[in-house]
Amino acid sequence: MTTIKATPYEYELPETKPALIIIDMQRDFVEPGGFGSALGNDVTPLMNIVPTLQKLLAVARNLKMPIIHTREAHLPDLSDCPPAKRLRGKSGLRIGDEGPMGRLLIDGEPGNEIVEPLAPRAGEYDLAKPGKGAFYRTPLQDILKALKVTHLLITGVTTEVCVQTTMREANDRGYECLLVEDCTESYFPEFKRATLDMITAQGGIVGWVAPSSVVIPALERAYG
Ligand code: TIU
């Protein structure tokens with residue numbers, strides 16, 4: 001049994017390989033001119049995790065782990081976007097409006113593509129999700145069941161929004177989740193810190209947290 005030295009205690013790697021879940025590393029959130037900047041955020045910190053995530057992705061590919069990419073994406077007719085979501089806030093541009101990278105948060109638009117260094121490859125899953133959580137109105141749970149996956153390594157953006165929502169959804173469905181802390185980022189450093197703390201408090205009420213420098217060698221020991 002290989003364990004990862006994680007917070008709040010060791011995370012045991014199972015015999016069936018964990019899935020690598022990469023949440024919403026799409027241009028909409030990490031490049032200027034997308035939905036993230038339309039909301040008034042500086043996107044630079046999110047772009048900064050790409051090289052680290054790329055290393056972890058390369059290891060997962062090498063070890064033939066299941067890899068699941070998600071994109072926050074709505075249908076062009078917005079039939080899967082509740083008006084409450086579209087109209088929330090005082091942003092000039094809203095979901096579905098035309099931005100510099102096409103219509104914001106719409107499946108198939110240039111801004112909705114995953115950034116090139118992390119682009120999905122054949123054999124990997126690329127799931128469009130209309131909600132913040134990756135289980136809501138997606139085939140994610142069926143995919144994991146079919147693969148007999150029980151453990152999830154979670155990464156992506158933003159830590160306190162789509163990443164944390166997904167981790168909580170996964171937790172309620174019985175998955176053992178570890179958030180890779182240098183492969184996730186927020187527009188607000190204090191929210192990232194608080195999310196890591198709230199996930200691991202109370203004996204890991206939502207799951208575990210560890211850096212990629214610890215996760216990668218453990219994966220290589222367990223499945224290499
Ligand atoms: N705004 C923000 O922090 N995040 C989102 O709207 N979506 C995701 O986190 N992917």
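Below is a short write-up of the structure. Values in this document were obtained by computation on a predicted structure and should not be read as measured data. (Residues numbered from 1 in each chain as written. Predicted model: local features only at pLDDT ≥ 70, side-chain atom pairs only at ≥ 80, totals over all residues. Heavy atoms only, no water.)

Okay, the overall build of the protein chain next. Summing up its helical and strand segments, the protein chain has nine helices and 10 strands in all. For the protein chain, the C-alpha radius of gyration of 17 Å lies close to 17 Å, the compact-globule estimate for 224 residues. Projecting the C-alpha coordinates of the protein chain onto the three principal axes gives extents of approximately 50 × 35 × 30 Å. In the protein chain, which comprises 224 residues, the proportion classed as buried is 52%. Within the protein chain, residue pairs in contact and separated by at least 24 positions form 74% of the contacts whose partners lie at least 6 positions apart. Of the accessible surface of the protein chain, which amounts to about 10000 Å², a share of 53% is contributed by carbon and sulfur atoms. Of note, the protein chain has its 24 positive side-chain charges centred 2 Å away from the centre of its 29 negative side-chain charges. (Helix = DSSP H or I, 4+ residues; strand = E, 2+ residues; numbered from the N terminus. Rg over C-alpha atoms; globule rule 2.2 N^0.38 Å. Buried < 20%, exposed > 50% of the residue type's maximum accessible area, 1.4 Å probe, protein only. Contact = heavy atoms within 4.5 Å. Areas by Shrake-Rupley, 256 points an atom, 1.4 Å probe, with all protein chains shown as cover. Lys, Arg positive; Asp, Glu negative; His and termini not counted. Charge placed at Lys NZ, Arg CZ, Asp CG, Glu CD.)

So, about the site of the ligand. The ligand sits among D24, F29, L39, E72, K132, V157, T158, V161, C162 and Y187. Between the ligand and T158, the relevant distance is 2.8 Å, taken from an oxygen atom to a side-chain nitrogen or oxygen of the residue. (Near = heavy atom within 4 Å. Polar contact = N/O pair within 3.5 Å; in protein donor to acceptor, adjacent residues only side chain to side chain.)

Here we come to the sheet that holds strand 3 (residues 19-23). With respect to topology, six strands assemble into an open sheet ordered 7-4-3-8-9-10, the strand pairing being parallel. Either end of the sheet is taken by a strand with one partner, and the two such strands are strand 7 (125-129) and strand 10 (208-210). Sheet twist, expressed as the average angle between the axes of neighbouring strands with direction ignored, equals 25°. Across four bridges, strand 3 lies against strand 4 (residues 67-72) in parallel orientation. Among the inter-strand pairings, I22 is bridged to a residue of strand 4, identified as H69. The strands that helix 7 (residues 159-172) touches are strand 3, strand 4, strand 7, strand 8 (151-157), strand 9 (176-185) and strand 10; relative to strand 9, the one it contacts most, it runs at about 170°. (Pairing = 2+ DSSP bridges. Axes fitted to C-alpha atoms, helices over the stretch in contact; angles between N-to-C directions.)

Moving on, we get to helix 7. Across its 14 residues, helix 7 extends 18 Å between first and last C-alpha, which sits within 8% of the 20 Å expected from 1.5 Å per residue. In the segment just after helix 7, G174 is the residue with positive phi, at about 95°. (Expected span 1.5 Å × (residues − 1).)

Right, let's talk about the pairing of strand 8 for a bit. With seven of seven residues buried, strand 8 lies mostly within the body of the structure. Of the two faces of strand 8, the one lined by H151, L153, T155 and V157 and the one lined by L152, I154 and G156 are each fully buried. Sheet topology note: the strand 3/strand 8 ladder contains five bridges and is parallel. By the bridge assignment for strand 8, L20 is matched with L153. When strand 8 meets strand 9, the two strands line up parallel, connected through six bridges. Within the sheet, the bridge partner assigned to V157 lies in strand 9 and is E185. Crossover handedness for the path strand 8 to helix 7 to strand 9: right-handed. (Right-handed = clockwise from strand over helix to strand, strands pointing away.)

Turning our eyes to something else, we now look at the environment of I216. The residue I216 is located in helix 9 (residues 212-223) in this model. By relative accessible area, which is 16% here, I216 ends up buried. In this structure the C-alpha to C-alpha distance between I216 and Y9, which are 207 residues apart in sequence, comes to 17 Å. Leaving out residues up to four positions away in the same chain, I216 has contacts with K55, L56 and V59.

Here we come to the pairing of strand 9. Taking burial as the measure, the 10 residues of strand 9 include seven buried ones, the bulk of the element. Taken together, strand 9, helix 8 (residues 189-204) and strand 10 form a β-α-β motif whose crossover is right-handed.

Between T7 and the following residue, P8, the backbone shows a cis peptide bond with an omega angle of 5°. Of note in the backbone geometry, K64 takes a positive phi value of approximately 60° without being a glycine. Look at L78: it is not a glycine, yet its phi comes out positive at around 60°. By the secondary structure assignment, L78 is in the loop between strand 4 and helix 5 (83-87).

These values are about where atoms sit, not about what they do.
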